[in-house]
Amino acid sequence: MLGVTLLLALVSVAVSEDILNKCMDGKHHKKTPGAEGKLFQQCKPWKSNACCTANTTEEAHEDNSYLYNFNWNHCGIMSSSCKRHFIQDTCFYECSPHLGPWIQKVNQSWRNERIIDVPICKEDCNGWWEDCKNDLTCKENWHKGWDWSTGTNICPAGTKCRKFTDVFPTPQSMCEKIWSRSYAYSMFERSSGRCMQMWFDEGTNPNEDVARYYAVEKGLINGAASFSLPASLFGLLAFLSLLLF
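The structure displayed is predicted, hence computed values, not measured ones.

**Q** Can you walk me through the overall build of the protein chain in this structure?
**A** When you go through the protein chain residue by residue, the secondary structure sums to 8 helices and 6 strands. When its helices and strands are written in sequence order, the protein chain yields α-α-α-β-β-β-α-β-β-α-α-β-α-α. Counting across all 245 residues of the protein chain, residues that qualify as buried make up 47%. Long-range pairs, those at least 24 residues apart, make up 66% of the contacts in the protein chain between residues at least 6 apart in sequence.

**Q** Please explain the packing of helix 3 (residues 80–95) against helix 4 (residues 122–132) as it appears in this structure.
**A** Helix 4 packs onto helix 3 with a crossing angle of 140 degrees between their chain directions and a minimal axis gap of 7 Å. Regarding helix 3 and helix 4, the two cross each other, and that crossing is left-handed. Mapping the contact onto sequence places S81, C82, R84, H85, F86 and D89 in helix 3 and G127, W128, D131 and C132 in helix 4. Broken down by class, the residue content of the contact of helix 3 with helix 4 amounts to 4 nonpolar, 3 polar and 3 charged.

**Q** I tried to follow unusual backbone geometry on my own but got confused; where do I start?
**A** Leaving glycine out, the prevailing phi sign among residues is negative, and the prevailing peptide bond configuration is trans. Of note, the phi angle at S180 is positive, near 55 degrees, even though the residue is not glycine. Looking at the secondary structure, you find S180 in the loop between helix 6 (171–177) and strand 6 (183–185).

**Q** Looking at this structure, how should I read the state of the cysteines?
**A** One pass over the full model with this rule turns up 8 disulfides. Note on cysteine connectivity: C138 is disulfide-linked to C155, with sulfurs 2.1 Å apart. Handedness of the C138-C155 disulfide follows from its S-S torsion of about -95 degrees: it is left-handed. Taken together, the positions of C138 in the loop between strand 4 (136–137) and strand 5 (162–163) and C155 in the loop between strand 4 and strand 5 put the pair 17 residues apart, joining distant regions of the chain. Relative accessible area serves as the criterion here: at 22%, C155 is assigned to the partly exposed category.

**Q** Any chance you could explain the nonpolar core here in plain terms?
**A** The nonpolar side chains of a soluble globular protein tend to be buried with one another. With 49 residues, the main nonpolar core has F86, F92, V118, W128, W142, W179 and Y183 as its most contacted residues. Of all the secondary structure elements, the ones that give two or more residues to this core are helix 3, strand 3 (118–120), helix 4, helix 5 (164–167), helix 6, strand 6 and helix 7 (207–217). Here the element with the most residues in this core is helix 3; it accounts for 7 residues. Not counting residues up to four positions away in its chain, the partners in contact with W179 are F70, W72, F86, D89, R114, W128, W142 and H143.

**Q** Looking at this model, I keep getting lost on helix 3. Mind explaining?
**A** For an α-helix, the turn length of 3.6 residues means that residues three or four places apart are oriented alike. Between its first and last C-alpha, helix 3 extends 22 Å over 16 residues, near the 22 Å set by a 1.5 Å rise per residue. Burial within helix 3 is extensive, with 13 of its 16 residues counted as buried.

**Q** Would you take a moment to explain helix 7 for this structure?
**A** Looking only at helix 7, the buried set comprises N207, V210, A211, Y214 and A215. Seen from one end, helix 7 has its buried residues packed into an arc of 135 degrees, which puts them on one side. On its buried face, helix 7 sits against helix 3 and strand 3. Positive phi shows up at G219, right after helix 7, with a value of about 75 degrees.

Criteria and thresholds
- Within each chain, residue numbers correspond to sequence positions counted from 1 in written order.
- Side-chain atom pairs in this predicted model are given and counted only at pLDDT of 80 or more, local residue features only at pLDDT of at least 70, and totals for whole chains, interfaces and linings cover all residues.
- In computing side-chain properties, one takes all heavy atoms of the structure into account and sets aside hydrogens as well as water.
- What counts as a helix is a DSSP run of H or I of at least four residues, what counts as a strand is a run of E of at least two, and both are numbered from the N terminus.
- In this scheme, a residue with accessible area under 20% of its type's maximum is buried, one over 50% is exposed, and one in between is partly exposed, where area comes from a 1.4 Å probe on protein chains only.
- Contacts: residue pairs with any heavy atoms within 4.5 Å of one another.
- Note on geometry: axes are C-alpha line fits, over the in-contact stretch for helices, and angles between N-to-C directions span 0 to 180 degrees.
- When the near helix sits turned anticlockwise from the far one by under a right angle, the crossing is termed left-handed; a clockwise turn instead gives a right-handed crossing.
- Classes in brief: Ala, Val, Leu, Ile, Met, Phe, Trp, Tyr, Cys and Pro nonpolar; Asp, Glu, Lys and Arg charged; the others, Gly included, polar.
- In this description, the term disulfide denotes a pair of cysteine sulfurs within 2.5 Å.
- Put simply, buried Ala, Val, Leu, Ile, Met, Phe, Trp, Tyr and Cys residues joined by side-chain atoms within 4.5 Å make one nonpolar core.
- In a helix, the anticipated span is given by 1.5 Å times the number of residues less one.
- In this description, one arc is meant: the one made by directions from the helix axis to the C-beta atoms.

The analysis is restricted to geometry; functional conclusions fall outside its scope.
Following this line, the structure appears as structure tokens:
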């Protein structure tokens, strides 16, 4: 009986720990995260463990990429200082394996899961807004409401191009509204370990520990759990548990 109890505990840990290293069920995401040695430019920090492929990251840097046919230049040419944040945003969304605590199921034609209210460090949101404040856009929510009649997004009838600061008066309004609350503006700084960083140097991804903290806070994993089991071992444990019961 003790063996059965231990087995179930191990299976439980494996299931809970998986949330800290998983990929969304999205249009371009890999099934499982893993090393990708040739990630492109701004996406390179994720190369040791990524949910994106090299091709995806290269397309993330294009003005009109095949990823979503989204046109950054819908109100004139986006400044390079602004565009680099949207490229980083795309890298973060496509590549991050540590978004599990904020993934939710959706029924959309281009994805089955999305993220909601990921707490983005305030420096990242502030810098994004600051570098885009003189650029133009015609919409507050970039997820929906575009005119796609040309095959790419154009401003819908009745809208006009305005400065970012008119559409998004604060960094918080931009980060939280532009992608339908995919992100939540955090009052925490990067050094706090309580917010997700879009920008970080190659090496250890600081977001893994942040994801663990929020997974514990949300009751998604046991705070005492401190290790992850390989997928092959998890499968074996799950199989043995079925045999025992």
